[in-house]
Amino acid sequence: MSHFSTLRTKITDAEILKASLRDLGISVKSEADVRGYNGQRVRADLVAVLEGEYDLGWSRNTDGSFDLIADLWGVAKKHNQTELINSINQKYAVNKTLAEVKQRGGLQNANVKLVLQK
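Because the structure is predicted, anything quoted here is derived from the model rather than measured. Sequence positions are assigned chain by chain, starting from 1 and proceeding in written order. Local features in this predicted model are restricted to residues whose pLDDT is 70 or higher, and side-chain atom pairs enter the listing and the counts only when it is 80 or higher, whereas totals over whole chains, interfaces and linings include all residues. Each side-chain value is derived from all of the structure's non-hydrogen atoms; neither hydrogens nor water enter the calculation.

**Focus: the environment of Gln 81**
Step number 1: Secondary structure elements follow DSSP: runs of H or I of four or more residues count as helices, runs of E of two or more count as strands, with numbering from the N terminus. Its place among the elements puts Gln 81 in helix 3 (residues 81-103).
Step number 2: Each residue is placed in one exposure class: buried if its accessible area under a 1.4 Å probe, protein chains only, is under 20% of its type's maximum, exposed if it is over 50%, and partly exposed if it falls in between. You can call Gln 81 partly exposed: its relative accessible area is 24%.
Step number 3: Separated by 25 residues in sequence, Gln 81 and Leu 56 place their C-alpha atoms 10.0 Å apart.
Step number 4: Apart from the residues lying within four places of it in its own chain, the contact partners of Gln 81 are Leu 72, Trp 73, Val 75 and Ala 76. Here, residues are in contact when the closest pair of their heavy atoms is within 4.5 Å.

This is the structure in structure tokens:
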């Protein structure tokens, strides 16, 4: 029986996701296996290689969004999974916003202030 869970996300940009993971000090692999319980593995488009025996993975859907795939029980053994996933999502949102502003030419002489609220 698989221990992997699949969660829908709003992530759509693989390059920004990779950069966000690296910004958080997390190693990233493309087209790799997500490690799970008892040596189980599942293939994903992007894999965040975590400390310990478990990883987070993202697989692209036909609509361009990514699903998060992970053995969440296993990830929780070594990490606060909620904080980890929230920090990845927040970093992605900030990087995506900055990329979009930059693409529109809005960062040439602008000050950008992002306020995160809980």
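**Structural notes on the packing of helix 1 (residues 14-23) against helix 3**
Step number 1: Contact pair helix 1 / helix 3: the axes reach a minimum separation of 9 Å and the direction vectors enclose 125 degrees. As judged from the angle between their axes, helix 1 and helix 3 are oblique. Classified by chirality, the crossing of helix 3 by helix 1 is right-handed. Of the residues in helix 3, those in contact with Ile 16, Leu 17, Ala 19, Ser 20, Leu 21 and Asp 23 of helix 1 are Ile 88, Lys 91, Tyr 92, Asn 95, Lys 96 and Ala 99. Fitted lines through C-alpha atoms serve as axes, helices being fitted only where they are in contact, and the angles separating the N-to-C directions of these axes extend from 0 to 180 degrees. Orientation is classified from the angle alone, with under 35 degrees giving roughly parallel, over 145 giving roughly antiparallel, 65 to 115 giving roughly perpendicular, and any other angle giving oblique. In a left-handed crossing the near helix is turned counterclockwise from the far helix by less than a right angle, and in a right-handed crossing that turn is clockwise.

**What to know about helix 3**
Step number 1: Expected helix span is given by 1.5 Å per residue-to-residue step, counting one fewer step than there are residues. Compared with the 33 Å implied by 1.5 Å per residue over 23 residues, the 32 Å span of helix 3 between its first and last C-alpha is a close match.
Step number 2: Regarding helix 3, the residues found buried are Leu 84, Ile 85, Ile 88, Tyr 92 and Asn 95.
Step number 3: On its buried face, helix 3 is in contact with helix 1, strand 4 (56-60), strand 5 (66-70) and helix 2 (72-78).
Step number 4: N-capping of helix 3 is provided by Asn 80, with a side-chain oxygen placed 3.2 Å from the backbone N of Thr 82. Under this definition, polar contacts are N or O atom pairs within 3.5 Å; protein pairs additionally need one hydrogen-donor-capable and one acceptor-capable atom, and for neighbouring residues in sequence, both atoms have to be side-chain atoms.

**So, the pairing of strand 5**
Step number 1: Here strand 5 lies mainly inside the structure; 5 of its 5 residues are buried.
Step number 2: On strand 5, burial covers both faces: Phe 66, Leu 68 and Ala 70 on one face and Asp 67 and Ile 69 on the other are all buried.
Step number 3: Two strands pair when backbone bridges link them, and strand 1 (residues 5-8) and strand 5 are joined in this way by 4 bridges, in the antiparallel orientation. Considered in strand 5, the bridge of Ser 5 is made with Ala 70. Two strands pair if DSSP finds at least two bridges between them.

**Considering the sheet that holds strand 1**
Step number 1: If you walk across this open sheet you meet the 5 strands as 1-5-4-3-2, and the pairing is antiparallel. Looking at the sheet topology across the chains shown, the edges are occupied by strand 1 and strand 2 (27-35). On average, adjacent strands in this sheet sit at an angle of 40 degrees to one another, irrespective of strand direction.
Step number 2: With 8 bridges connecting them, strand 2 and strand 3 (residues 41-49) associate as antiparallel partners. From the neighbouring strand, Ala 32 faces strand 3, where its bridge partner is Ala 44.

**A closer look at unusual backbone geometry**
Step number 1: The backbone of Glu 31 sits at a positive phi, close to 50 degrees, despite the residue not being glycine.
Step number 2: Relative to the helices and strands, Glu 31 resides in strand 2.
Step number 3: Residues other than glycine seldom take positive phi values, yet Asn 38 does so here, at roughly 55 degrees.
Step number 4: In this structure Asn 38 comes out as exposed when scored by relative accessible area, which is 68%.

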